[in-house]
Amino acid sequence: MNKKEYSEYVSKTAPKSKHLSTMFAAFWVGGLICCIGQSIFDTIQALLPLVPDDDIWAITTLVMIFLGSTLTALGVYDKIGRYAGGGSIIPITGFANSVTSPAMEYKREGIIFGLMSKMFVIAGPIIVSGIAASVAVGICYYIVSLF
Amino acid sequence: MALEIFLRYLQVFAVGGGICMLGQILINTTKMTSARILVIFLLLGVVLEAFGLFDAVADFGMAGVKIPICGFGSSLVKGVITAVMEDDIMGAFAGGMKSVSVGITAAIFFSFIYALIFSPHSKKV
Amino acid sequence: MKLGEQSYALENPPKIIAHYSVAGPVESKGMLGNFFDLKLDSDEWGEKSHELAECKMHHTAIMKALDMSGLEFKDVNAVMCGDLLNQIIASSYSAKDIEIPYLGFYGACSTFGEMLCVASLMISSGSFKNVTCSTSSHFSTAERQYRYPLELGTQPTPTSQWTVTGSGCSVLSSDGEGPEIFACTIGRVIDLGVKDANNMGAVMAPAACDTICTHLNDLNISPEFYDLIITGDLGKFGSKLLLELARERGFELKDVHSDCGSMIFNNQPQTIQGGSGAGCSSLVFNSYIIKQMKSGNLKKVLLVPTGALLSKTASMQGETIPGIAHAVSIGYRYN
């Protein structure tokens with residue numbers, strides 16, 4: 001077999017992900033995490049009726065990130081991730097997981113050069129792309145608003 | 001009343017689960033890693049917010065779109081747009097981080113504290 | 001004596017006079033659990049980092065194997081060690097307390113085959129008398145180096161493999177009792193353009209096929225000459241590819257082929273395709289295979305450790321992953 005035939009043969013015969021079961025797992029775990037977020041929002045709203053919605057969402061995010069980090073620290077989040085895949089990656093708790101896990105992993109190389117400098121090896125792209133995109137949107141918005 | 005709450009949560013569950021399921025389809029078909037998936041969904045939030053569509057989706061999905069990382073992208077853009085309206089061009093640079101400061105700071109702070117205390121656990125099968 | 005293109009028949013075949021295996025907790029619960037000499041309850045083994053735990057496993061395997069061989073340090077020409085970590089630190093750090101000259105090897109998961117080839121040629125030529133050959137790997141150290149932090153919640157792809165935690169050591173000697181290494185084939189680096197770092201089986205299968213077919217041609221024998229042709233860590237999918245590739249070159253390996261990676265775990269769902277890692281072939285060889293040979297169940301075995309010569313830098317720059325395999329014939333009599 002030459003290279004082309006081989007890579008075709010490999011991609012044809014390689015075991016595939018089980019679409020239905022992984023999608024179902026992602027669906028219910030992801031949905032559940034969002035429901036937990038909603039219940040936190042509703043609780044805070046009931047307790048502090050005068051606070052504006054945006055601030056309540058900020059508190060909700062804070063609590064969700066706390067939960068994600070805690071589960072990562074206890075060694076539970078990677079088990080959820082193994083089962084749920086996208087269901088636990090995409091919610092904000094997955095972002096917390098991708099910050100906490102390298103921090104824990106690389107602390108053996110020291111606090112400064114391990115923990116602190118490698119904290120964003122996985123989540124870095126999220127911050128960079130998010131900020132770059134938002135600045136671009138802001139500049140476009142400014143230019144449009146001039147006319 | 002109880003039915004209303006149930007339906008509300010059903011909405012959140014369906015929308016949030018649906019977004020995560022979309023991500024899972026991407027993972028299954030393109031073997032993408034978690035960082036790429038997160039970036040794609042963040043940019044989805046950015047685009048929706050930039051065209052002013054995010055609020056309409058969020059009115060229906062509530063936490064179902066706010067809790068997934070798209071909510072993070074939308075906050076960034078929302079912060080930028082508000083700041084541009086107040087401070088002109090400087091707002092494009094100042095607004096984004098301001099609006100997501102809680103999330104990023106919380107992630108850094110909790111990660112720092114936990115990493116000082118906990119070490120990675122051995123994996124069993 | 002050189003045979004054919006890449007093979008050597010050893011006129012003074014070295015004997016494997018002692019062997020020792022140290023297995024991690026997951027491997028100990030696997031299908032070969034009863035064959036391991038030392039089974040660990042924890043993969044940290046009381047050390048402060050997983051890297052140090054791997055060093056300790058490696059060191060223990062060498063020291064215990066030397067103990068069992070009854071050789072004195074001054075009689076051993078060299079300790080040959082290899083592992084997967086950057087700059088093979090698990091090897092060099094475990095050899096620093098052993099007062100024997102040290103040779104470090106790197107051939108990814110094929111390291112054990114590489115050093116058996118070199119060691120047996122050195123002994124056969126008369127330069128060396130006694131050598132130890134050992135490799136190790138560790139799930140937690142390999143994971144952080146080649147993949148992600150342990151606690152990151154990702155889903156393994158359906159072709160991925162689980163790195164074996166453990167270490168195995170063989171002591172080769174020009175005299176003494178034990179199975180002989182009577183021929184070896186040094187493999188070529190083969191690259192059929194696979195880029196997926198999570199599909200090691202597909203990377204290594206063409207290299208394994210090339211080495212096995214060359215070996216059989218060079219020695220002018222059929223696969224049935226061996227009781228067992230055992231590859232290192234192709235995994236279940238890689239084994240399937242190997243059989244298909246070999247069939248294309250006119251060899252039917254189905255009845256004699258088996259794979260260390262596919263047999264080491266007990267089909268635990270997380271291990272997916274099976275085990276991998278430099279420790280995989282040496283752990284299985286130094287426990288199951290050699291004990292089966294000593295009890296007479298296997299007479300002639302072709303051990304083919306396979307390796308994916310992967311680097312995080314190269315694969316992030318979009319390069320394809322080359323594979324390698326070396327073959328070593330082990331048996332009680334060469335005829």
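Going along each chain's sequence as written, the residues are numbered from 1 onward. Starting at A for chains and at 1 for ligands, labels are handed out in the order in which the entities are written. Only residues with pLDDT of at least 70 are given local features in this predicted model, and only at 80 or more are side-chain atom pairs given and counted; all residues enter the totals for whole chains, interfaces and linings. To get the side-chain values, take all heavy atoms of the structure and skip hydrogens and water.

Only DSSP runs of H or I with at least four residues qualify as helices, and only runs of E with at least two residues qualify as strands; both kinds are numbered from the N terminus onward. Per the secondary structure count, chain B includes 6 helices and 0 strands. Computation of the radius of gyration draws on C-alpha atoms, with the globule rule given as 2.2 Å multiplied by the number of residues to the power 0.38. Over its C-alpha atoms chain B spans a radius of gyration of 18 Å, topping by over 25% the 14 Å that the globule rule assigns to 125 residues. With respect to the three principal axes, the spread of C-alpha positions in chain B is 55 × 45 × 35 Å. Restricting to contacts in chain B with at least 6 residues of sequence separation, those with at least 24 account for 50%. What sets the accessible areas is the Shrake-Rupley method with a 1.4 Å probe; for residues, cover comes only from the shown protein chains. Summing over all exposed atoms, chain B offers an accessible surface of approximately 5,900 Å²; the carbon and sulfur share of this is 72%. In this tally Asp and Glu are treated as negative and Lys and Arg as positive; neither His nor the chain ends contributes. Think of each charge as sitting on NZ of Lys, CZ of Arg, CG of Asp or CD of Glu. On chain B, the mean spot of the 8 positive side-chain charges and the mean spot of the 7 negative ones are 22 Å from each other. Only heavy atoms matter for contacts: two residues are in contact if any of them lie within 4.5 Å across the pair.

Working definition: two side chains of opposite charge can pair if their charged atoms are close together. Throughout this description, the term salt bridge denotes a Lys or Arg side-chain nitrogen within 4 Å of a carboxyl oxygen of Asp or Glu. Enumeration over the complete set of coordinates arrives at 17 salt bridges over all chains. Close ionic contact of aspartate 37 of chain C with lysine 291 of chain C constitutes a salt bridge, the shortest N to O distance being 3.1 Å. Here aspartate 37 of chain C is found in the loop between helix H1 (25–28) and strand S4 (38–39), whereas its partner lysine 291 of chain C is found in helix H9 (residues 278–294), with 254 residues between them in sequence. Each of Glu105 and Glu109 of chain A together with Glu51 and Arg144 of chain C takes part in one network of salt bridges that share partners.

Each pair of packed helices gets described by two things: the angle between the helix axes and the distance between those axes. Here an axis means a line fitted to C-alpha atoms, over the contact stretch when the element is a helix, while the angle between two N-to-C directions is reported on a 0 to 180 degree scale. In contact at an axis separation of 8 Å, helix H8 (residues 124–146) of chain A and helix H6 (residues 90–117) of chain B are set at 145° when each is read in the N-to-C sense. In the packing of H8 of chain A onto H6 of chain B, the handedness of the crossing is right-handed. Judged by residue contacts, Ile127, Ile131, Val135, Gly138 and Ile139 of chain A of H8 of chain A engage Ala92, Phe93, Met97 and Ile104 of chain B from H6 of chain B. Classes in brief: Ala, Val, Leu, Ile, Met, Phe, Trp, Tyr, Cys and Pro nonpolar; Asp, Glu, Lys and Arg charged; the others, Gly included, polar. For the contact of H8 of chain A with H6 of chain B, a count of residues per class yields 8 nonpolar, 1 polar and no charged. A clockwise turn of the near helix away from the far one marks a right-handed crossing, whereas an anticlockwise turn of less than a right angle marks a left-handed crossing.

Another point: the interface of chain A and chain C. The interface is formed by 31 residues belonging to chain A together with 32 residues belonging to chain C. Approximately 2,700 Å² of surface area, both sides summed, lies buried where chain A meets chain C, with 57% of it carried by carbon and sulfur atoms. Linking chain A with chain C are 2 salt bridges, by the criterion used here. Put simply, glutamate 109 of chain A and arginine 144 of chain C hold a salt bridge, and the shortest N to O gap is 2.5 Å. Any N or O atom pair separated by 3.5 Å or less is treated as a polar contact, with the protein-specific requirement of one donor-capable and one acceptor-capable atom, and with residues adjacent in sequence counted only for side-chain atom pairs. Counting every contact that joins chain A to chain C gives 9 residue pairs in polar contact (both at pLDDT 80 or more). Throughout, buried area stands for the accessible area (probe radius 1.4 Å) lost by two parts on being put together, summed over both.

All names here are of chain C. Counting rule for disulfides: a pair of cysteine sulfur atoms within 2.5 Å. Across all of its chains, the model carries 0 disulfides over all chains by this definition. Sulfur of cysteine 81: no disulfide; nearest cysteine sulfur belongs to cysteine 169 and is 7.6 Å away. Note on cysteine 260: no disulfide assigned, nearest cysteine sulfur contributed by cysteine 280 at a separation of 5.4 Å.

Moving on, we come to the confidence of the model for chain B. Residue and element names in this part refer to chain B. Counting all residues, the mean pLDDT for chain B is 91, and 100% of those residues have values of 70 or more. Every residue is assigned a pLDDT by the predictor, reflecting its confidence on a scale from 0 to 100. Confidence, expressed as mean pLDDT per element, reaches its minimum in chain B at helix H3 (residues 54–61) with 90 and its maximum at H6 with 93. We note a pTM of 0.92 for the whole complex and an ipTM of 0.92 for its interfaces.

On to the packing of aromatic side chains. Ring pairs shown here join Phe, Tyr and Trp side chains whose ring centres sit within 6.5 Å, with only the six-membered ring taken for Trp; geometry is labelled stacked below 30 degrees between planes, edge-to-face above 60, and tilted in between. All told, the structure shown has 12 aromatic pairs over all chains when counted by the stated rule. Seen in terms of ring centroids, phenylalanine 95 of chain A and phenylalanine 72 of chain B are 5.4 Å apart; in terms of plane orientation they differ by 35°. Their pairing is tilted. One end of the pair, phenylalanine 95 of chain A, is in helix H6 (residues 92–105); the other, phenylalanine 72 of chain B, is in helix H5 (residues 70–87), on a second chain. Ring geometry for phenylalanine 182 of chain C versus phenylalanine 225 of chain C: centroids 6.5 Å apart, planes at 80°, classification edge-to-face.

Moving on to the pairing of strand S17 (residues 327–331) of chain C. Residue and element names in this part refer to chain C. Buried residues are those whose accessible area, probed at 1.4 Å on protein chains only, stays under 20% of the maximum for their type, while exposed residues exceed 50% and partly exposed ones sit between those limits. With 5 of 5 residues buried, S17 lies mostly within the body of the structure. Residues Ala327, Ser329 and Gly331 point to one face of S17 and Val328 and Ile330 to the other, with burial holding for every one of them. In this description, strands pair whenever DSSP reports at least two bridges between them. Bridge count between strand S10 (residues 180–185) and S17: 5 bridges; the pairing is antiparallel. Bridge assignment links alanine 183 to a residue of S17, and that residue is serine 329.

Residues belong to a common nonpolar core when they are buried Ala, Val, Leu, Ile, Met, Phe, Trp, Tyr or Cys residues joined through side-chain atoms within 4.5 Å. Ile92, Phe95 and Ile126 of chain A together with Ile69 of chain B are the most contacted members of the largest nonpolar core, which totals 56 residues. Dropping the residues within four chain positions of it, isoleucine 92 of chain A is found in contact with Thr61, Met64 and Ile65 of chain A together with Ile67, Pro68, Ile69 and Phe72 of chain B. Core analysis: the next-biggest nonpolar cluster, separate from the first, contains 49 residues, Val194, Ala208, Leu216 and Phe237 of chain C among them.

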